[in-house]
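Examination of the molecular architecture
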Amino acid sequence: MGSLSVSTNALASPLATHRNKEKPADLNVRNVVLGDILFKTWYPSFYPEELVGRELERLFVCPWCFKYSKDLMPYLAHTKVCPLKHEGPPGRPIYSRDLHAIYEVDGEEHQLFAQNLSLFAKLFLDNKSIFFDVTSFNYYLLVHTPNSTSSPHLQVVGFFSKEKMSWDNNNLACILVFPPWQRKGLGKILMGVSYELSRRENRIGGPEKPLSELGRRGYMRFWEARVARAILELKAKRTLSVGKIAEVCWVLPEDVVATLKDMGVLTASKRADGAVVFNKARLRDYVSKRGLDLTPPVSEEGFLDEWMPGPEESEVSISKT
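Residues numbered from 1 in each chain as written. Predicted model: local features only at pLDDT ≥ 70, side-chain atom pairs only at ≥ 80, totals over all residues. Heavy atoms only, no water.

Under the annotation held in an unreviewed UniProt entry, the protein chain carries the name histone acetyltransferase and is attributed to Letharia lupina. Under the heading Subcellular location (unreviewed entry), UniProt records this for the protein chain: "Nucleus". Recorded under Sequence similarities (unreviewed entry), the UniProt text for the protein chain is reproduced unchanged: "Belongs to the MYST (SAS/MOZ) family." (UniProt positions renumbered as here; feature names shortened; annotations may be inferred.)

To continue, consider the overall build of the protein chain. From N to C terminus, the protein chain includes 9 helices and 15 strands. The buried share of the protein chain, reckoned over its 321 residues, is 52%. In the protein chain, 69% of the contacts between residues at least 6 apart in sequence involve partners at least 24 apart. Accessible surface, the protein chain: about 15500 Å² in total, of which carbon and sulfur atoms supply 50%. (Helix = DSSP H or I, 4+ residues; strand = E, 2+ residues; numbered from the N terminus. Buried < 20%, exposed > 50% of the residue type's maximum accessible area, 1.4 Å probe, protein only. Contact = heavy atoms within 4.5 Å. Areas by Shrake-Rupley, 256 points an atom, 1.4 Å probe, with all protein chains shown as cover.)

Here we come to the side chain of Asn31. Structurally, the position occupied by Asn31 is in strand E2 (residues 29-34). For Asn31, a relative accessible area of 9% gives the class buried. In terms of polar contacts, Asn31 uses its side chain to reach the side chain of Glu57, at 3.0 Å. If we skip the residues at most four places from it in the chain, Asn31 touches Leu38, Phe39, Lys40, Thr41, Glu57, Arg58 and Leu59. (Polar contact = N/O pair within 3.5 Å; in protein donor to acceptor, adjacent residues only side chain to side chain.)

For the rest of this paragraph, the subject is the UniProt feature "active site" (unreviewed entry) in the protein chain. Per the UniProt annotation, the sites labelled "active site" (unreviewed entry) are Glu208. Of note, Glu208 is situated in the loop between strand E13 (206-207) and helix H6 (213-233). Glu208 gets classed as buried once you look at its relative accessible area, which sits at 11%.

This next bit is on the packing of aromatic side chains. Here the structure, examined in full by the defined rule, presents 16 aromatic pairs. Centre to centre, the rings of Tyr219 and Trp223 are 5.2 Å apart; their planes meet at 45°, and the pair counts as tilted. Remark: Trp223 and Tyr219 occur in helix H6; sequence separation between them is 4 residues, near one turn of the helix. Trp223 gets classed as buried once you look at its relative accessible area, which sits at 2%. Members of the aromatic cluster, joined through ring pairs, are Phe39, Trp42, Phe66, Phe113, Phe120, Phe124 and Phe178. (Phe/Tyr/Trp six-rings, centres within 6.5 Å; stacked < 30°, edge-to-face > 60°.)

Written out as structure tokens, the structure is:
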């Protein structure tokens, strides 16, 4: 059976609060058991019909390797001997901070794992493009690292995928925090790491577009904090260009402009050179009223290998580009 990868044309928000909108008959899997957690699915996936059937009430998925079974006993037998239960996720750890780590997994090197992960993720992602080859993607796993012996196993709680070569400078193709771990701010960690990857590659990028409405909301919250932090940290600047903000944030200029507009901090004034003008006091007020947390979601000290430093924050005069 060929490898299967899921990439997105519409990004699902890692903080999504919606549930499945499909009619029950449209779901080939209605519920999933991940480890010892049972929860409902949202969308159909592409599990082979000959293995799971056309409609299945409950699918059992290994929380370590994402191997799946429609029957309980084979599932229990597998989870007792799954090598990743003690070895941890495949790939290499690139980030560790507090109780979470990020593992980088090469889809070419770990094809079966990437395929099984993609099949599981599709249960919670809509409007995906399917590729029968995972070799052109890297997968970045968000792993919970318990600090007690009572729960010694590492648990994958989400991930994002990234094309190894993106002509559009996309730093993220697909992102998902699994439903039991949503609404805990974990999506920001994945987004933060994706932008650190851009910084390391020395190119400004962003998520694959178009975004879904839920994806746009999730990213807008992330961009608001990132852009506000950059502007407020650039002291004693009379003018700032969109290009400068983009350079400091490693956020695409069009995403910077969309964020400033969404925050309502742009003024009606325009300079002779066409530069957009924003009100810094209005920005501070927005941050205060919305309770934006300007703390970076990832720390440079948490990265385990050598990462390139960010661009120098030298003073510039802002124009629209």
